[in-house]
Amino acid sequence: MATTVMGSGFALGEHEVTNEALKRVCDTSDEWIKERTGIATRYYVADGTSTSDLGVRASQAAIADAGLTASDIDYVVFATMTPDYYFPGSGALLQTKLGLGKVPTLDIRQQCTGFIYGLQVADALLRAKAAKRVLLVGAEVHSGFMPWRDHGMVFGTTDARPTAAEYEFNTRYRDRTVLFGDAAGAVVLTSSEGPRGLLDVVLHSDGQYAEKLYVPSGFKFRPYITEEMIKEGRHIPEMDGQRVFRVAVSKLPEVVHEVLDKSGLKLEDISLLLAHQANLRLNEAVQKALGLPDDKVYNNIQKYGNTTAATIPILYDECKKAGRIKPGDLICFLALGAGFHWGAALLRA
Ligand code: UT7
């Protein structure tokens, strides 16, 4: 028996946001963003749409794609770093909105690697017969941590403009804010007989890097958020971008080799690499280090930016629906992100 994907789907924030639109709130340029990251557009939710709402839309698409209905799902694994609330997690909210009944919901928080961790968890649940059909969701509303006071300025739906002080404050975070988009991706997983399915997962974490990419507020502080902390921007992620980049360029190719070795497979066996989309330059460096040709790699950061836990299921769904994943293909999922957590998984389509 192996864990197979029955269906997939994704959903995007309601507003497309171009690089030009971000110039209204901070000092940046289309040239800089495209050259350093590859990103041309990303999506932000409309005011009031939450991470669980996006998760619901992606899940409905995945459940329909699987030819199932909500009542067929008996477990939810929800990966996000931007939950609707500090607590509870978004899994229970999604369960109720989708009308799944009282099925268990498990929230996991491995950021960009959340989906790959989720695959291993779902696989274990299925093997342990704790579930028959697991809904694995990765969803993020990053626009909630953007420093500007009014998203209407970005959407062009208001004449308001940032004050000079706000513009300066927003610009302080431009190396991060331009990267992220809001989206959700979901898959329905089950156990099937036959050669298809999840072959292996290799995961790692290294907490020594926790403060290289994190939000410096939380329950360590009394109270956990103050007006002073907000003025200091401590509700916005801190990121040592160059450090993350360097660690990722070294760890990502390594973990691909590790998962291949574990499965007794070779690089040439990979049909398609679906890697987390944090930076196009980073993915090009990883592709080069692995020596993979362009037709074995798919990137979509140009359209969606970095969507953290949503990225990999979106890549999968796009490739599946575009006919880039054929029966028998070997798909390699790959990610590194805050924690740091990183890992790779092999799926026989
Ligand atoms: O998914 C989570 C994991 N995260 C990652 O994997 C992120 C990995 N790191 C990166 O992708 C890159 O480090 C960034 C895209 C975040 C930043 O690119 P960089 O090439 O490392 O730029 P930098 O932060 O060193 O900044 C270079 C220059 C600076 O100006 P000066 O000091 O040289 O005058 C920045 O102020 O670029 C400036 N800059 C910008 N300029 C226009 C930074 N952000 C922007 C911006 N627009 N948005």
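Look above for the structure.
This report concerns the structure included in the present document. (Residues numbered from 1 in each chain as written. Predicted model: local features only at pLDDT ≥ 70, side-chain atom pairs only at ≥ 80, totals over all residues. Heavy atoms only, no water.)

## Section: empty space enclosed by the protein
Inference 1: According to the stated counting rule, one finds 1 cavity of 30 Å³ or more in the structure shown.
Inference 2: Computed from the structure, the largest cavity encloses a volume of approximately 40 Å³.
Inference 3: In this structure, the largest cavity is lined by Leu273, Ala275, Gln277, Asn283, Val286, Gln287, Val297, Tyr298 and Asn299.
Inference 4: Elements that contribute at least two residues to the lining of the largest cavity include exactly β11 (272-275) and α11 (280-290). (1 Å grid on protein atoms, 1.4 Å probe; cavity = no way out; pocket = protein on both sides within 12 Å on 5 of 7 lines; lining within 4 Å. Points joined across faces, edges and corners; volume = space filled by probe spheres on them. Helix = DSSP H or I, 4+ residues; strand = E, 2+ residues; numbered from the N terminus.)

## A word on the layout of surface pockets
Gaps between atoms show up when a probe of the same size as a water molecule is rolled over them.
Inference 1: The space that makes up the second largest pocket amounts to roughly 160 Å³.
Inference 2: The wall of the second largest pocket is formed by Met1, Ala2, Thr3, Asp123, Leu126, Arg127, Lys129, Ala131, Lys132, Thr190 and Ser191.
Inference 3: For the lining of the second largest pocket, the secondary-structure elements that each account for two or more residues are β1 (2-12), α5 (114-127) and β7 (183-192).
Inference 4: Ranked by residues supplied to the lining of the second largest pocket, first place goes to α5 with 3 residues.
Inference 5: The residue makeup of the lining of the second largest pocket, split by class, is 4 nonpolar, 3 polar and 4 charged. (Nonpolar A, V, L, I, M, F, W, Y, C, P; charged D, E, K, R; others polar.)

## Describing the site of the ligand
Inference 1: Contacts to the ligand come from 19 residues, most closely from Thr28, Arg36, Gln242, Asn279 and Asn306.
Inference 2: Between the ligand and the protein, one listed contact pairs an oxygen atom with a side-chain N or O atom of Arg174 at 2.9 Å.
Inference 3: For the ligand, the accessible surface in isolation is 960 Å², of which the surrounding protein chains cover 73%.
Inference 4: Residues of the shell around the ligand, tallied by class, amount to 9 nonpolar, 7 polar and 3 charged.
Inference 5: Formed jointly, the shell around the ligand draws a minimum of three residues from each of two domains, domain 1 (2-192) and domain 2 (197-348). (Near = heavy atom within 4 Å. Polar contact = N/O pair within 3.5 Å; in protein donor to acceptor, adjacent residues only side chain to side chain. Areas by Shrake-Rupley, 256 points an atom, 1.4 Å probe, with all protein chains shown as cover. Domains from an automatic or database assignment.)

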